[in-house]
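Residue-level structural notes
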Amino acid sequence: MKIGTPRELFEGEARVAMTPESAKQLQKLGYDCVVKSGAGAKAGFSDATYEAAGVSVVSDAAALWEQSDIIAKVRQPDTTELGYLTADKTLISFFNPAGNEEGMAQAKAKGASVIAMEMVPRISRAQKMDALSSMANIAGYRAVIEAGNNFGRFFTGQITAAGKVPPAKVLVVGAGVAGLAAIGTSTSLGAITYAFDVRPEVAEQVESMGAEFVYLDFEEEQQDGAATGGYASVSSPEFREAQLAKFRELAPEIDIVITTALIPNREAPELWTEDMVKAMKPGSVIVDLAAEKGGNCKLTVADEKIVTDNGVTIIGYTDFPSRMAAQASTLYATNIRHMMTDLTPEKDGQVNHNMEDDVIRGATVTHAGEITFPPPPPKVKAIAAQTKEKPKELTPEEKRAAEVAEFKAQTKQQVTLLAVGAVLLLAVGLVAPASFMQHFIVFVLSVFVGFQVIWGVAHSLHTPLMAVTNAISSIIILGALMQIGSSSFLVILLGALSVFMAGINIFGGFLVTRRMLAMFQKS
């Protein structure tokens, strides 16, 4: 079977769904690869590069669609492209099934199978095919770069002979994939970064990246992410009002706002109102990553950059991934390749459209002349639900009784071990010479004391503790050195082996300790 990639017809789109590298991987699955001439030019992939990777380059778009069994695209196909579909073809592309009724009906009438890449379920196994996350990661990074390009100051603070420059203050609204990418880029550029999300559980991720999480003095039962496909759920009106009040408080101090709040198949919620824009300082920048769905900012204009009367720049571009076409194409083509791997379990170049598979079923929107959107919930939840039973509160009497019972059990165990040890020592003493018993008793007591000491140490301290004790306890090397002078060859051999192993203990122990200490030292 052949998999083909046409040139994108959407105005300004520079991405391509197949790269020379991904084509090599698709060929290993048994497919022949075809690409439209010039399809990858805007992303930096020439026709010659495709040909060198074993891809056939076709000059006519209609011929490419006709000879390809699977068509991989980036943007939603238009009416002309859908007209090329037949019952034996599979289309893999962003498709916007919730807002593309005409396209769905046309694909159904053609009997073609359509896999919408934005519908890949957010479960662990499907992460490698999650094109939304791949593109959101790029969009978050690019949003900070665009903001910096339109911001009149440094991101990082500086003290120079010409004066002091304060660091920029950046607020990222929404800590999903795009938001976390924006946070990482902003903090790496030296800005003071704040982040907000309706899911308080992401606060730890935000703070681990060097940003400060904005908390609300408001408690609301949030829907489990497992039930929402890993996305934030819709908040109550009361929560929204508390959220807006917090943003109004922050607006006068923030230099750059990056909004990323968007739930699939819904209009973008309005989070940055007109009065907040008016409260911002001249020269401030707002980058609205939800512009395609109406925008999180009241004044956002899709695909345009505007400057308000008070000097605030609002960027509403909807093509951030396309502005980094080479990187975006590489990631998206990899997502496609992983999807084809699941569709070709036998690696024989034949598509097995298994509708029992959670990932394939979830992403399929039309199949065998039927519309299969929306899909049923996946059998495996996006986030494993964790149910923790609250421990029962014990009364003081019950606590004392439990402590006494635990102490008795430990005492009984220790007495049993001592009794068994005493019997074994007695049995050995009946047959062993007195000189052996003296050393043997010291050895047994050393083992017992060492076990009791190490057993009480926290697990996190085991490695550094053992590294040092290994080095120190290797004083046994002295005994081995003394035995090397023996007249017995066996004793000399054992002594030499002891010196060798003890040497590893000494040098290895100190080396491990030194490397661990270096982890906590600033360079």
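What you see is a predicted model, and the numbers here were worked out from it, not measured in a lab.

Helices and strands together make up the secondary structure of the protein chain, namely 17 helices and 17 strands. Within the span of the protein chain, comprising 523 residues, buried residues form 39% of the whole. Put simply, of all contacts in the protein chain between residues at least 6 apart along the chain, 64% involve residues at least 24 apart. Of the accessible surface of the protein chain, which amounts to about 28900 Å², a share of 59% is contributed by carbon and sulfur atoms.

Take the pairing of strand 9 (residues 169-173) next. The element strand 9 is largely enclosed, with a buried count of 4 among its 5 residues. Sheet topology places strand 9 next to strand 10 (residues 192-196); 5 bridges connect them, and they run parallel. Among the inter-strand pairings, Val170 is bridged to a residue of strand 10, identified as Thr193. Handedness of the β-α-β unit built from strand 9, helix 7 (residues 177-188) and strand 10 comes out right-handed.

What follows is about the environment of Ala43. Structurally, Ala43 is set in the loop between strand 2 (32-36) and helix 2 (47-52). Linking Ala43 and Gln327, residues 284 residues apart in sequence, is a C-alpha distance of 8.2 Å. Other than its neighbours up to four places away in sequence, Ala43 contacts Ala14, Val16, Ala325, Ala326 and Ser329.

Moving on, we come to the sheet that holds strand 3 (residues 56-58). Taken in spatial order, the 8 strands line up as 3-2-1-4-5-6-16-17 in an open sheet, and their pairing is mixed. Of all the strands in the sheet, just strand 3 and strand 17 (370-371) have a single pairing partner and so form its edges. Looking at chain direction, strand 6 (residues 113-116) and strand 16 (residues 364-367) are connected through 2 bridges and run antiparallel. Each residue of the ladder has a partner; that of Ile115, found in strand 16, is Thr364. Relative to strand 16, helix 5 (residues 101-110) is tilted by about 40°, and along the sheet it contacts strand 6, strand 16 and strand 17. Across the sheet, helix 11 (residues 325-343) is in contact with strand 1 (2-5), strand 4 (70-72), strand 5 (90-93) and strand 6; its angle to strand 5 comes to roughly 145°.

At their nearest, the axes of helix 6 (residues 131-150) and helix 11 sit 9 Å apart, and the two run at 165° to each other. The orientation of helix 6 with respect to helix 11, classified from their angle, is roughly antiparallel. As for how helix 6 packs across helix 11, the hand of that crossing is right-handed. Judged by residue contacts, Ala131, Ser134, Met135 and Ile138 of helix 6 engage Gln327, Ala328, Leu331, Tyr332 and Asn335 from helix 11. When grouped by side-chain class, the residues that make up the contact of helix 6 with helix 11 number 6 nonpolar, 3 polar and no charged.

This paragraph deals with the pairing of strand 13 (residues 285-288). One face of the sheet, then the other: side chains in a regular strand alternate in exactly this way. Burial of the side chains of strand 13 extends over both faces: Val285 and Val287 are buried on one face and Ile286 and Asp288 on the other. Bridging between strand 12 (residues 256-259) and strand 13 involves 4 bridges; their strand directions are parallel. The partner of Ile258 across the bridge, within strand 13, is Val287.

Okay, the side chain of Thr308 next. As for its placement among the helices and strands, Thr308 is situated in the loop between strand 14 (305-307) and strand 15 (313-315). On the accessibility criterion, Thr308 (13% relative accessible area) is buried. Separated by 2.5 Å, the side chains of Thr308 and Asn310 make a polar contact. Ignoring sequence-local partners within four residues, the contact set of Thr308 consists of Val277, Leu299 and Ile314.

The next subject is unusual backbone geometry. Geometrically, the link from Phe373 to Pro374 is a cis peptide bond, its omega value of 0° lying close to zero. In this structure, Pro374 sits in the loop between strand 17 and helix 13 (396-431). Here the phi dihedral of Lys347 falls at roughly 55°; this positive angle occurs in a residue that is not glycine. Considering the arrangement of structural elements, one finds Lys347 in the loop between helix 11 and helix 12 (358-363). Lys347 sits in the exposed class, given a relative accessible area of 55%.

The rules behind the values
- Residues numbered from 1 in each chain as written.
- Predicted model: local features only at pLDDT ≥ 70, side-chain atom pairs only at ≥ 80, totals over all residues.
- Heavy atoms only, no water.
- Helix = DSSP H or I, 4+ residues; strand = E, 2+ residues; numbered from the N terminus.
- Buried < 20%, exposed > 50% of the residue type's maximum accessible area, 1.4 Å probe, protein only.
- Contact = heavy atoms within 4.5 Å.
- Areas by Shrake-Rupley, 256 points an atom, 1.4 Å probe, with all protein chains shown as cover.
- Pairing = 2+ DSSP bridges.
- Right-handed = clockwise from strand over helix to strand, strands pointing away.
- Axes fitted to C-alpha atoms, helices over the stretch in contact; angles between N-to-C directions.
- Parallel < 35°, antiparallel > 145°, perpendicular 65-115°, else oblique.
- Left-handed = near helix turned anticlockwise from the far one by under 90°.
- Nonpolar A, V, L, I, M, F, W, Y, C, P; charged D, E, K, R; others polar.
- Polar contact = N/O pair within 3.5 Å; in protein donor to acceptor, adjacent residues only side chain to side chain.

Honestly, that's just the spatial picture; any functional story needs more than this.
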